Amino acid sequence: MLIRMLQALLILLLASAPWSAQAEDPAEDLGATLAKARAAAASRCGELANSDRLYRVLCANKIRIGVRDNYPRFAEKNQDQRSGFEIDLAKTIGETLGVAVEFVDVAPVSRISSLTDDRIDLVIATMGHNTLRDSSARFILPHYYSSQTVVVGPKKIAIASWADMADKTVCTTVGNYSNALMVPRVARLMLFDSPARLLANLRSASCTFIAQDDSVLAAALADPEFSARFDAKIGFGEIPWGMAVSLDGSDALAAVLDQVLATYHRDGTMLALAKQHTIATDFLARMQVLWSHEDCKAAPTKCVAPPFELQLAPGPFKGFVEDAFTWAQNNLSVFYSAVAWDLFTGGIVISLIAVAGVLVATFFLALFFASGMSSSNKILRIFFSSLLAVFQSSPPILVLIVVAALANELFAYSQPVALLVAILSIGLMNGAFAGQSINDARKSLRQDQNDSAGPADAGPVPHEWRRAIVRAAPQIEAFLANATRGISAASFVGVADLTNALNDITSFSRSQSMTYWILLAFYVAVLLIVVRLCRFGRSALEASSKEP
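Structure report, in brief. (Residues numbered from 1 in each chain as written. Predicted model: local features only at pLDDT ≥ 70, side-chain atom pairs only at ≥ 80, totals over all residues. Heavy atoms only, no water.)

**As for the overall build of the chain**
Of regular secondary structure, the chain possesses 22 helices and 13 strands. Each of the 548 residues in the chain was classed as buried or not, and the buried ones make up 44%. For the chain, the computed accessible surface area is about 28300 Å², with 60% contributed by carbon and sulfur atoms. (Helix = DSSP H or I, 4+ residues; strand = E, 2+ residues; numbered from the N terminus. Buried < 20%, exposed > 50% of the residue type's maximum accessible area, 1.4 Å probe, protein only. Areas by Shrake-Rupley, 256 points an atom, 1.4 Å probe, with all protein chains shown as cover.)

**With respect to the sheet that holds strand β4 (residues 81–83)**
Taken together, three strands build an open sheet; the order of strands is β2-β3-β4 and the sheet is antiparallel. What marks the edges here is a single partner per strand, and that holds for β2 (70–71) and β4. Direction of pairing for β2 relative to strand β3 (residues 75–78): antiparallel, over a ladder of two bridges. Counterpart to Y71 in the pairing with β3 is A75. (Pairing = 2+ DSSP bridges.)

**So, the pattern of salt bridges**
Following the criterion strictly, the structure yields 14 salt bridges and no others. The residue D258 makes a salt bridge to R138 at a minimum N-O spacing of 2.7 Å. In this pair, D258 sits in helix α10 (residues 251–267) while R138 sits in strand β7 (residues 138–139), placing the two residues 120 residues apart along the sequence. In this structure R138 comes out as partly exposed when scored by relative accessible area, which is 26%. Among the salt bridges present, the one from E238 reaches R286, with a minimum N-O distance of 3.3 Å. In this pair, E238 sits in strand β12 (residues 230–241) while R286 sits in helix α12 (residues 282–291), placing the two residues 48 residues apart along the sequence. On the basis of relative accessible area, E238 is assigned to the partly exposed category, the value being 41%. Residue classification places R286 among the partly exposed positions, given a relative accessible area of 44%. Here the salt bridges do not stand alone but share partners, grouping R53, R56, R64, D118 and D121 into one network. (Salt bridge = Lys/Arg side-chain N within 4 Å of Asp/Glu carboxyl O.)

**Topic: the side chain of T172**
Looking at the element boundaries, T172 is found in strand β9 (residues 169–173). Within polar-contact distance, the side chain of T172 engages the backbone oxygen of A211 at 3.3 Å. With sequence-adjacent residues up to four places away left out, T172 is seen in contact with N179, M182, L189, M190, L191, F192, L198 and A211. (Polar contact = N/O pair within 3.5 Å; in protein donor to acceptor, adjacent residues only side chain to side chain. Contact = heavy atoms within 4.5 Å.)

**A short note on the packing of aromatic side chains**
Scanning all chains against the criterion turns up 20 aromatic pairs. Seen from their ring centres, F74 and F85 are 6.0 Å apart, and the 85 degrees between their planes marks the pair as edge-to-face. Taken together, the residues span a long stretch of sequence, with F74 in the loop between β2 and β3 and F85 in helix α4 (residues 85–97) at a distance of eleven residues. The exposure classification of F74 matches that of F85, with both residues buried. With 6.4 Å between their ring centres and 25 degrees between their planes, F85 and Y144 make a pair best called stacked. In this pair, F85 is assigned in helix α4 and Y144 in the loop between β7 and β8 (145–154), connecting sequence segments 59 residues apart. You can call F85 buried: its relative accessible area is 0%. For Y144, a relative accessible area of 0% puts it in the buried group. Each residue in the set Y71, F74, F85, Y144, Y145 and W241 is aromatic and connected to the rest through ring pairs, giving one cluster. (Phe/Tyr/Trp six-rings, centres within 6.5 Å; stacked < 30°, edge-to-face > 60°.)

**Details of the side chain of R68**
Mapping R68 onto the fold places it in the loop between β1 (62–67) and β2. Here R68 sits buried without a salt bridge, and the closest side chain of opposite charge, D69, lies 6.3 Å off (N-O distance). Looking at R68, its side chain comes within polar contact range of the side chain of T126, at 3.0 Å. Setting aside anything within four residues of it in sequence, one finds R68 in contact with A75, E76, R82, V106, P108, R111, A125 and T126. (Lys, Arg positive; Asp, Glu negative; His and termini not counted.)

**Here's the deal with the state of the cysteines**
This structure, assessed with the given rule, holds two disulfides. Shown here is the disulfide that connects C171 with C207, its sulfur atoms set 2.0 Å apart. When the S-S torsion is -90 degrees, as for the bridge of C171 with C207, the disulfide is left-handed. Of the two residues, C171 sits in strand β9 while C207 sits in the loop between α7 (195–203) and β11 (209–213), which places them 36 residues apart along the sequence. Pair check on accessibility: C171 and C207 agree, each one buried. (Disulfide = S-S within 2.5 Å.)

**As for the sheet that holds β9**
Spatially, five strands are ordered β10-β9-β11-β8-β12 in an open sheet, and the strand pairing comes out mixed. A strand with exactly one partner marks an edge of an open sheet, and here the two such strands are β10 (188–192) and β12. Direction aside, the axes of adjacent strands within the sheet are offset by 25 degrees on average. Where β8 and β12 come together, nine bridges link them in antiparallel fashion. Within the sheet, the bridge partner assigned to V151 lies in β12 and is I234. (Axes fitted to C-alpha atoms, helices over the stretch in contact; angles between N-to-C directions.)

**Here we look at the packing of helix α19 (residues 464–471) against helix α20 (residues 473–486)**
The description of two packed helices rests on the angle between their axes and on the distance between the axes. Running from N to C, α19 and α20 cross one another at 65 degrees; their axes reach a closest spacing of 5 Å. Here α20 runs roughly perpendicular to α19, going by the angle between their axes. Facing α19, whose interface residues are I469, V470 and R471, α20 presents A473, P474, Q475 and I476. (Parallel < 35°, antiparallel > 145°, perpendicular 65-115°, else oblique.)

**Looking at a nonpolar patch on the surface**
On the surface, a cluster of nonpolar side chains totalling about 440 Å² of accessible area is made up of W517, L520, V524 and L528. Summarising the element assignment, W517 is placed in helix α22 (residues 512–544). For W517, a relative accessible area of 55% gives the class exposed. (Patch = residues over 30% accessible without salt bridge, like charges linked within 9 Å, V, L, I, M, F, W, Y side chains within 5 Å.)

**Looking at unusual backbone geometry**
With an omega of 10 degrees, the peptide bond running from L141 to P142 counts as cis. Positionally, P142 belongs in the loop between β7 and β8. Phi is positive for Q79, which is not a glycine, with a value near 60 degrees. Assignment of secondary structure puts Q79 in the loop between β3 and β4. One non-glycine residue with positive phi stands out, namely T126, at about 50 degrees. On the secondary structure map, T126 appears in the loop between β6 (122–123) and β7.

Now the structure itself:
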């Protein structure tokens, strides 16, 4: 009875005391660590379940483990049956923790995101531990496996070192971390989307050499027919494989799993599982020897291998690229947010519509003014000449304001109305001047006709309007270009063109000066296109109606 009372008191003390899964004594037995965790969880599930995934796993009596479903010998799924080294490792971990295992399928692209999105508690999915991934997940140490990239080719071709590969082409998969290590050592890389295609092309002699993770090629190399023709030439880029948990809320779970894996290496569990699935055991044999040392048991961190260093040596332009990236972040905010991008693209569309509209309006208003100023009706001629004088003496902004005021009296304000006001105002000013040029050209054509045939014999000028437009083409081109530049004033009456859009973007970005450079570049580009189109139209008219 006394012994039972002491045991109950000990459990109570363990459950009520604040506890961290990382043992104060590094050499503490795994069983004692798990006993503390279970004792704490048994009496305080409601309080601790949300503090760390370890307690949630123990309280729910279930651990969700992300695994792959198509990696031979490591993790395969046939209907509802799973098999492989990693599957058995996951089941063993569940047994050690005393909880059920719920398997969740993950792919290479979703391994880490499944942790951060809390779809799984632990991932065991052929994931290499490199320095870049340390910022996304907490890897369990020590590592549970290791692999390297091997170059495989025909047995009849002897390869002793990388020097023998200098003139060879190697087939590999897209995104393989070892590609960067191979590029400077071989003549060329040919990229494929899957290891299966590599093997197919090697067998058909489309590829003389392939490079892939040795764990992927293990089954092929174990095949007597395959190994009779091909063998591994060079191995390189060894990378440790790591289980991982989420960076947030998994400290206690990670600490327990660290101790679990160290124990599995020490007692031969990992080596036994690997032998069951006939995978390479060199790494695991080394780990068993290493973790059997008392030094590793006393100070585990001294025996943990570092992650694979994935950072390549910087090139000579690294500083320039970093400066350019910083400059882009500070000055090209228009391309960084969805709001800014929508404003920018919307502004470009409205500006292009405005440019097209003002070009059409300017040209046809020019013909209208030329017709009015050359009318046989004296009143019409006086009216159009007076209207021309008004436009010649009025500032463009004033014309825009007057037309906008008249439009507001007749119509309710809207974006289409504002756009039409801008097109009409700019078109009137430039169309009036272009019309005067056409009228002057018509007069000069008639004068030429009179001079050549005499006043008595002079008849109508053939193709008079077309020839007048051709003769006045330089002036018309100038006024069309001026209308293109002037349409930027459409923002003055509230048109949501590029000018207004960039002003809105500037209100929440840091790139005010760059905003105006973008605006300048846009209108310069549009103006060059307009000039090119005008000259094309002029050439077409000249070809159809040559002046005498």
